[in-house]
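Per-entry structural report
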Amino acid sequence: MGLDWNYPGPAEVFTEMASLMPSLANITWERVEREGAVTYPADASDTPGNEIIFTTGFPTESGAAKLCPPMSCRPTNCRRRISMVLSTGACSNIGIRAR
């Protein structure tokens, strides 16, 4: 990608992410390693993460969720017809979709 990414390990990547993402406040890499996992957002460094992420609204201008149907796609590199595309269902609030 042409970027000078020279991280010695995941702790440094997480630290950079946390510096740019307010939702990671109160979560450090040390805490993730100590607790095994931390649900975000966390209200304080000594409390568990919230069970519900968006309690007062979504990160949109209106505060409402933006729901959109998934785009359909056809497998292009298949020798036989496949009638299903498996999806992780993972969508983040920044618009990245994994499939």
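Just so it is clear, the structure is predicted and the values come from calculations on it, not from any experiment.

Procedures and definitions
Residues numbered from 1 in each chain as written. Predicted model: local features only at pLDDT ≥ 70, side-chain atom pairs only at ≥ 80, totals over all residues. Heavy atoms only, no water. Phe/Tyr/Trp six-rings, centres within 6.5 Å; stacked < 30°, edge-to-face > 60°. Helix = DSSP H or I, 4+ residues; strand = E, 2+ residues; numbered from the N terminus. Contact = heavy atoms within 4.5 Å. pLDDT = per-residue confidence, 0-100. Core = buried A, V, L, I, M, F, W, Y, C linked by side-chain atoms within 4.5 Å. Buried < 20%, exposed > 50% of the residue type's maximum accessible area, 1.4 Å probe, protein only. Salt bridge = Lys/Arg side-chain N within 4 Å of Asp/Glu carboxyl O.

Structural notes on the packing of aromatic side chains
Evaluated as defined, the whole model comprises two aromatic pairs. Seen from their ring centres, F14 and W29 are 5.8 Å apart, and the 50 degrees between their planes marks the pair as tilted. On the criterion of sequence distance, the pair formed by F14 in helix 1 (residues 10-20) and W29 in helix 2 (residues 29-35) is long-range, its members being 15 residues apart.

Comments concerning the environment of Y7
With respect to the element layout, Y7 can be found in the segment before helix 1. Residue contacts for Y7: discarding those within four places in its chain leaves E12, V13 and E16.

Considerations on the confidence of the model for the chain
For the chain, per-residue confidence averages 78 on the pLDDT scale, and residues scoring 70 or more make up 69% of the total. Counted against residues more than four places away or in other chains, residues 92-99, with its pLDDT under 50, gives 18 contacts.

Comments concerning the nonpolar core
Counting residues in each nonpolar core, the largest one holds six residues, listed as F14, L24, I27, V32, V38 and A42. With residues near it in sequence (within four places) discarded, V32 still touches F14, I27, A37 and V38.

Quick notes on the pattern of salt bridges
Under the defined criterion, the tally for this structure stands at two salt bridges. A salt bridge links E35 to R31, with the nearest nitrogen and oxygen atoms 2.9 Å apart. Here R31 and E35 lie together in helix 2, a separation of four residues that amounts to about one turn. Note on E35: relative accessible area 41%, which makes it partly exposed. Using a relative accessible area of 3% as the deciding quantity, one classes R31 as buried.

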